[in-house]
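Understanding the architecture of this molecule
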Amino acid sequence: MNDMTPQTVTDAKKRYSAGVMKYAQMGYWEPDYTPKETDVIALFRITPQDGVDEVEAAAAVAGESSTATWTVVWTDRLTNCDKYRAKAYRVDPVPNAPGEFFAYIAYDLDLFEPGSIANLTASIIGNVFGFKPLKALRLEDMRLPVAYVKTFQGPATGIVVERERLNCYGRPLLGATVKPKLGLSGRNYGRVVYEALKGGLDFTKDDENINSQPFMHWRDRFLYCMEAVNRASAATGEVKGTYLNVTAGTMEEMYARAEFAKSLGSVIVMIDLVIGYTAIQSMAKWARDNDMILHLHRAGHSTYTRQRSHGVSFRVIAKWMRLAGVDHLHAGTVVGKLEGDPATTKGYYDIFREERNPMALENGVFFDQDWASLNKMMPVASGGIHAGQMHQLLTYLGEDVVLQFGGGTIGHPHGIAAGATANRVALEAMVYARNAGRDIWNEGEDILRDAAKTCTPLKQALDTWKDVTFDYASTDAPDFAPTPEVSA
Amino acid sequence: MRLTQGTFSFLPDFTDEDIRLQAQYAIDQGWAVSVEWTDDPHPRNTYWEMWGHPMFDNPDAAAVVFEVNECRKEHGSKYIRVIAFDASPGWESIRMSFIVNRPAEEPGFRLVRQEGEGRAVRYTIQSYAADRPEGARYA
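The structure contained in this document is the topic of the report that follows. Remember, predicted model here, so these are calculated numbers, not experimental data. (Residues numbered from 1 in each chain as written. Chains lettered and ligands numbered in written order. Predicted model: local features only at pLDDT ≥ 70, side-chain atom pairs only at ≥ 80, totals over all residues. Heavy atoms only, no water.)

**Things to note about the side chain of R138(A)**
All names here are of chain A. Tracing the sequence through the fold places R138 in strand β4 (residues 134–143). Looking at R138, the relative accessible area reads 0%, which means it is buried. A polar atom in the side chain of R138 sits 3.1 Å from the side chain of E140. (Helix = DSSP H or I, 4+ residues; strand = E, 2+ residues; numbered from the N terminus. Buried < 20%, exposed > 50% of the residue type's maximum accessible area, 1.4 Å probe, protein only. Polar contact = N/O pair within 3.5 Å; in protein donor to acceptor, adjacent residues only side chain to side chain.)

Next up, the structure:
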């Protein structure tokens, strides 16, 4: 980095004499290190305290997320400690962000238990996030070696098999979250499910905080919802589903609820991110064993993903969840009411759906990532979207996505089924137009208006929500702008 | 009722030109297009009868329209769909599936409930048409 940077102390006697030493001197800074193909690599955004050198800060992060403690310990010498030390090998200033640096840190594969997100995260985001010499720390991205990826189950079902089970191809899936999210009785709740599915949606969804409350206990919800699902299936000849949220206080209770959902013939169950990584992995295993699609609602993630300087980027959460084995995960809408700029969101969607992610700094993707044939996750776009945005949604998000219109279905002036029909017609018309070679980005509004000529519910939807947009500056945009290629 | 399986069942019934446009899109993606028919439209009837093999090396959707119309001559009173198969790595399954022909009348499905213990109900969906033997289900 520079001449002032402390060099690793290589004389063993000096290195291991009792006392305190800079992390960079202890061997956690190796600027010449070339990461092995099997190394886990983490990219941190570090904001050192005033007066703390960035290289020493990076070395400290490497140390505190692997073998180091605050002082030298002689017991290091009983181990093959060079191997177990994480190695900071590169520190770059963040463009346009004085005081912030990107630190690249490589970890030997043997530091991690196979197939355990809990173990991986206990190291990488364990103690180190409270480390005093840093003002802030953010885990921006990780490179997970194929050797490690292969120790995980991955999505229980995956996009391809989900489509095969649902008999639904060639278009985004459509969903809606039942609203109001709290207070409906089981019987009233099932009414919303029935109307929405009969009207043309593929899925309805429990919200994250619908579990088992005094106004509606879980068995009631499951029973009425499955009556609604089956009625709608008979009315349309389509496979339908409703995400029955099995989130509960204990694993025993979650398994009991999931088993009941299975016994009623549900094709899908749902969990919340707040149940924790190990519980998620357990439910993913259960889902694989029981032919169940597993929906994950990312409840709570914004507490640590939203701010750029501190926390964990959602792209890292997405990678962990693909390893952990969920089938559905919310990933942003770009155009709706919740955080997400187009470039960053594209990075998330690629992590969900691609076989291999090439480095794409303009989308916040810092590493090549090979998914080693792990199933793909279906992204879910939910929050403040409506039929009038269909051309934008299809352009930004593509075909393999669940578009969830909650208010945009249930809030339709002529009822829930009409709202569902409006969304389905808008979607099919847009996919048709795209396939037929039309420029849907520019002609989208015309395409929708034409489709509305033979579909009154769509016309009503377009009239109701024509001016609704959520146009706010994003708090989490990429640090690198795409630069035009210079050709010789 | 109207059977709404498939990519485009909420749009008006397809003309031959609609079929050609959508099939050509599939062909241009490198997918093999196939024609299938059935008189059992149950949502979990996965295997409709194949009207020949998928057209692996066919560059022109006009041939798909031709086969749809040939299929109609024999099975015009039943459901016919066009399916596109994608053999690319990581997918190796269907990419599109849309209905191009349906019976004049679609009687729909009966929902049969078997009441079980603890208020649980076991549901079965049965096509009214499938009450009659194969081949005699639609006029």
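**Notes on the sheet that holds strand β2 (residues 49–50) of chain B**
In any sheet, the strands associate via hydrogen bonds between backbone groups, in a parallel or an antiparallel arrangement. Residues and elements named next belong to chain B. Strand order across the open sheet formed by 4 strands is β2-β1-β3-β4, with antiparallel pairing between neighbours. Of all the strands in the sheet, just β2 and β4 (93–101) have a single pairing partner and so form its edges. Summarising the sheet, strand β1 (residues 32–38) and strand β3 (residues 79–86) pair through 7 bridges and their orientation is antiparallel. Bridge pairing in β3 links V35 to V82. (Pairing = 2+ DSSP bridges.)

**Digging into unusual backbone geometry**
Following K179(A), the chain continues to P180(A) via a peptide bond in cis, the omega torsion being -5°. The topology assignment puts P180(A) in the loop between β5 (173–177) and α8 (186–199). With a phi angle near 60°, N96(A) is a residue other than glycine that sits in the positive phi range. Mapping N96(A) onto the fold places it in the loop between β2 (87–93) and β3 (101–107). Of note in this structure, E92(B) is not a glycine but carries a positive phi near 50°.

**Points about the pairing of strand β9 (residues 293–297) of chain A**
All names here are of chain A. In terms of burial, β9 is a largely internal element, 5 of the 5 residues being buried. One ladder, built from 5 bridges, connects strand β8 (residues 268–272) with β9; its direction is parallel. Its bridge partner being in β9, I271 is matched across the sheet by L296. Running through helix α11 (residues 277–289), the crossover from β8 to the neighbouring parallel element β9 is right-handed. Note that β9 and strand β11 (residues 328–330) share 2 bridges and pair parallel. Within β11, the residue paired with H295 across the bridge is H328. (Right-handed = clockwise from strand over helix to strand, strands pointing away.)

**Description of the sheet that holds strand β1 (residues 40–48) of chain A**
All names here are of chain A. Pairing within the open sheet is mixed, and its 5 strands lie in the order β2-β3-β1-β4-β10. Each having just a single partner strand, β2 and β10 (311–312) make up the two edges of the open sheet. Here β4 pairs with β10 via 2 bridges, running parallel. Among the inter-strand pairings, R138 is bridged to a residue of β10, identified as G311. Against the sheet, helix α3 (residues 54–64) touches β1, β2, β3 and β4, its axis set at about 135° to β1. (Contact = heavy atoms within 4.5 Å. Axes fitted to C-alpha atoms, helices over the stretch in contact; angles between N-to-C directions.)

**Regarding helix α19 (residues 456–465) of chain A**
Taken as a whole, α19(A) has its buried residues at P457(A), L458(A), Q460(A), A461(A), L462(A) and W465(A). Against the buried residues of α19(A) lie α16 (407–410), α17 (416–435) and α18 (440–453) of chain A.

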